[in-house]
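If you want the building blocks of each chain, they are given just below.
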Protein chains: 2
Amino acid sequence: MKSSETKAERPGLLARLLREAGYRDTAPRRAVVRAIEEADGEQSPEALWRAAQRIHPGIGRATVYRTLELLTGLGAVRPLIAAEGGRRYPVAVGGHHHLVCSGCGTVVEFDECAEGEVARRVARRQGFAIQGHLLEIYGTCGDCRVTGEVRT
Amino acid sequence: MKSSETKAERPGLLARLLREAGYRDTAPRRAVVRAIEEADGEQSPEALWRAAQRIHPGIGRATVYRTLELLTGLGAVRPLIAAEGGRRYPVAVGGHHHLVCSGCGTVVEFDECAEGEVARRVARRQGFAIQGHLLEIYGTCGDCRVTGEVRT
DNA sequence: GTACCATTGAGACGGGGTATCACTATGAAG
DNA sequence: CTTCATAGTGATACCCCGTCTCAATGGTAC
Ligand SMILES: [Zn+2]
Ligand SMILES: [Zn+2]
Ligand SMILES: [Zn+2]
Ligand SMILES: [Zn+2]
């Protein structure tokens, strides 16, 4: 996005998706959708809410969650489980994987993945239709290993 | 465990671990530890708490979490993030993987895994020492696909 | 413009995890 | 065995985050 010609308020892919799915075109929803698009990548619902507030002051938490839910239903967004605390991260479609340090919590993204094969086999056997998968590798990062600190 | 000769109150692997790590040997801790051992496999903290209560009535929630934390620090237990609600599942070391239906929440376990390779490579490149990994495949189960119900 | 009903914001609610704190009891020393 | 410092404990308040409820609002079809 060149940011120079933000003139005509492009319809926005997500906004269009919602409209086409028969949902009403409301300001709060547009705000959430913009928040998501502008913050490309993973974001916690809270972060998206804050972003949406900047765009549409007064928007309620519930609305953010509701919109996120709709988008999830449409497959435009995929909720993941956050590594630490157990919060979710709605993430734009298409993802990578994580390397998580159990010492300091550092998270490194990576893309390699050998699951296509296994996933397909397992899924077929169980009669599942695959939508995606989550792979996280746990371990200790260099620093933590040196320090020996693996917990408080 | 034959359940017949529960005579001498075997020290218990986990209990021993704690003791050897310099932690005091208390009744509440023994209760938590037993709860974990007897419920082999994954358990939610709540479930473990209930189990521990049966063994040591009056034990507090906090104590369960604290003990779980200690054990995690000792590497005897690994906390995972539960598929749905975002709660954690401490699980005995060594695990399997999950096939999760995004429609009804059904979870199917499986063991195949082709990540050894990838995990090692990625980890080495980043200077991580691998402890384990989590693989979850998302999709829709047969029932949900038929019904078409993939959301409320 | 009107009417209908999808959508919204506020706020109550609830699950589950953490922080605090006064009290208890382990385990070492004498 | 008694003493003692302090690790450990249970109750409770608290907090985060997500959901639910409901009256008010405002899209959209006509
Ligand atoms: Zn680290
Ligand atoms: Zn992958
Ligand atoms: Zn299902
Ligand atoms: Zn594996």
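Please read these numbers as outputs of a predicted model, since none were measured by experiment. Sequence order as written defines residue numbering, which begins from 1 separately in each chain. Whichever chain is written first is A, and whichever ligand is written first is 1; the rest continue in order. At least 70 in pLDDT is required for a residue's local features to be given in this predicted model, at least 80 for side-chain atom pairs to be given and counted, and no such filter applies to totals for whole chains, interfaces and linings, which use all residues. Values reported for side chains reflect all heavy atoms of the structure, with hydrogen atoms and water molecules removed beforehand.

Turning to empty space enclosed by the protein, a few remarks are in order. Cavities and pockets were defined on a 1 Å grid built over protein atoms only: a cavity is a set of grid points that admits a 1.4 Å probe from which the probe cannot escape, a pocket is an open set flanked by protein on both sides within 12 Å along at least five of seven lines, and lining residues are those with an atom within 4 Å of any such point. Grid points are joined across faces, edges and corners, and a volume is the space filled by probe spheres set on the points. If you walk through the whole model with that rule in mind, you get 5 cavities of 30 Å³ or more. Taken as a whole, the largest cavity spans an internal volume of roughly 80 Å³. As for the largest cavity, its lining consists of B:Ala15, B:Leu18, B:Arg19, B:Tyr23, B:Arg24, B:Asp25, B:Thr26, B:Arg29, B:Arg30 and B:Val33. Counting residues per element, the ones that place at least two in the lining of the largest cavity are helix H1 (13-20) and helix H2 (27-38) of chain B. Amino acids outside the nonpolar list (Ala, Val, Leu, Ile, Met, Phe, Trp, Tyr, Cys, Pro) and the charged list (Asp, Glu, Lys, Arg) are all regarded as polar, and Gly is one of them. Classifying every residue of the lining of the largest cavity by side-chain character gives 4 nonpolar, 1 polar and 5 charged. Each pocket or cavity is described by its volume, and for the second largest cavity that value is around 60 Å³. Surrounding the second largest cavity, A:Ala15, A:Leu18, A:Arg19, A:Tyr23, A:Arg24, A:Asp25, A:Thr26, A:Arg29, A:Arg30 and A:Val33 form its lining. For the lining of the second largest cavity, the class distribution of residues is 4 nonpolar, 1 polar and 5 charged. Secondary structure elements follow DSSP: runs of H or I of four or more residues count as helices, runs of E of two or more count as strands, with numbering from the N terminus.

A few words on the protein's contact with DNA strand D. One heavy atom within 4 Å of a molecule or strand is enough for the residue carrying it to be called near that molecule or strand. In the vicinity of DNA strand D lie 22 residues, with A:Arg24, A:Tyr65, B:Thr26, B:Arg29 and B:Thr63 positioned nearest. By atom count, sugar and phosphate contribute 64% of the portion of DNA strand D lying within 4 Å of the protein. Polar contact criterion, stated in full: a pair of N or O atoms within 3.5 Å, where within protein one must be able to donate a hydrogen and the other to accept it, and residues adjacent in sequence count only if both atoms are side-chain atoms. Within the contact set of DNA strand D, a base oxygen lies 3.5 Å away from a side-chain nitrogen or oxygen of A:Arg61. A distance of 2.7 Å separates a phosphate oxygen of DNA strand D from a polar atom in the side chain of B:Thr26.

The immediate surroundings of DNA strand C are formed by 19 residues, with A:Thr63, A:Arg66, B:Arg24, B:Asp25 and B:Tyr65 found nearest. The sugar-phosphate portion of DNA strand C accounts for 72% of its atoms within 4 Å of the protein, the bases making up the rest. Within the side chain of A:Thr63, a nitrogen or oxygen atom sits 2.3 Å from a phosphate oxygen of DNA strand C. In this structure, a base oxygen belonging to DNA strand C sits 2.8 Å away from a side-chain N or O atom of B:Arg24. Among the elements of the structure, helix H2 (27-38) and helix H4 (61-73) of chain A together with helix H4 (61-73) of chain B are those that each provide at least two residues to the surface near DNA strand C.

Between side chains of opposite charge, a pair can form as their charged atoms come close. Residues and elements named next belong to chain A. Any Lys or Arg side-chain nitrogen found within 4 Å of a carboxyl oxygen on Asp or Glu counts as a salt bridge. The full count for this structure, using the stated rule, is 6 salt bridges over all chains. In this structure, the salt-bridge partner of glutamate 38 is arginine 34, at a minimum N-O distance of 3.0 Å. In this pair, glutamate 38 and arginine 34 both sit in helix H2, 4 residues apart, roughly one turn of the helix. Residue burial is assigned from relative accessible area. The probe radius is 1.4 Å, only protein chains are included, and a residue is buried under 20% of its type maximum, exposed over 50%, and partly exposed in between. The exposure class assigned to glutamate 38 is exposed, which follows from its relative accessible area of 53%. On the basis of relative accessibility, which here comes to 30%, the residue arginine 34 falls in the partly exposed class. Residues joined by salt bridges that share partners form a network here, namely Arg19, Asp25 and Arg30.

We now examine the packing of helix H3 (residues 45-55) of chain B against H4(B). Residues and elements named next belong to chain B. Convention adopted: a line fitted to C-alpha atoms gives each axis, helices being fitted over their contacting stretch, and angles between N-to-C directions are expressed from 0 to 180 degrees. Across the interface, H3 lies against H4 with an axial gap of 10 Å and an inter-helix angle of 115°. What the angle tells us is that H3 and H4 run roughly perpendicular. Of the two possible hands of crossing, H3 and H4 adopt the one that is right-handed. Touching Pro45, Glu46, Leu48 and Trp49 of H3 are Arg61, Val64, Tyr65 and Leu68, all from H4. When grouped by side-chain class, the residues that make up the contact of H3 with H4 number 6 nonpolar, no polar and 2 charged. To sort the angles, those under 35 degrees are grouped as roughly parallel, those over 145 as roughly antiparallel, those from 65 to 115 as roughly perpendicular, and the leftovers as oblique. Crossings are assigned a handedness: left-handed for a near helix turned anticlockwise from the far helix by less than a right angle, right-handed for a clockwise turn. Residues are treated as being in contact if the distance between any of their heavy atoms lies within 4.5 Å.

With 22 residues, the main nonpolar core has A:Leu99, A:Phe110, A:Phe128, B:Leu99, B:Phe110 and B:Phe128 as its most contacted residues. Looking at this core, the elements that each hand over two or more residues are strand S4 (107-110), helix H5 (115-126) and strand S5 (129-140) of chain A together with strand S4 (107-110), helix H5 (115-126) and strand S5 (129-140) of chain B. In plain words, nonpolar cores are sets of buried Ala, Val, Leu, Ile, Met, Phe, Trp, Tyr and Cys residues tied together by side-chain atoms within 4.5 Å.

Before going further, it helps to examine the confidence of the model for chain A. Residue and element names in this part refer to chain A. Predictor confidence is given residue by residue as pLDDT, running from a minimum of 0 to a maximum of 100. The pLDDT averaged across chain A works out to 76; a share of 68% of its residues lies at or above 70. Within the model, pLDDT remains below 50 along residues 1-8, and this stretch shows 1 contact once partners closer than five positions in the same chain are excluded. Segment residues 147-152 is flagged for pLDDT under 50; beyond a separation of four residues in sequence, or across chains, it makes 9 contacts in the model.

Here we take up H4(B). All names here are of chain B. To estimate the expected span of a helix, count its residues, drop one, and scale the result by 1.5 Å. Over its 13 residues, H4 extends 19 Å from the first C-alpha to the last, a length consistent with the 18 Å expected when each residue adds 1.5 Å. Here H4 has its buried residues at Thr63, Val64, Thr67, Leu68, Leu70 and Leu71. Taken end-on, H4 shows its buried residues confined to a sector of 160°, consistent with a single buried face. Positioned one or two residues after H4, glycine 75 has a phi angle of 75°, which is positive. Along the arc lie the directions from the helix axis toward the C-beta atoms.

So, about the environment of A:Ala47. All names here are of chain A. Among the structural elements, alanine 47 can be located in helix H3 (residues 45-55). You can call alanine 47 buried: its relative accessible area is 16%. Residues alanine 47 and isoleucine 36, 11 residues apart in the sequence, show an inter-C-alpha distance of 9.6 Å.

The next point concerns the environment of A:Ile36. Residues and elements named next belong to chain A. Tracing the sequence through the fold places isoleucine 36 in helix H2. Taking C-alpha positions, isoleucine 36 is 9.0 Å from leucine 14, a pair spaced 22 residues apart along the chain. Among residues more than four places away in sequence, those in contact with isoleucine 36 are Leu14, Leu48, Leu68 and Leu71.

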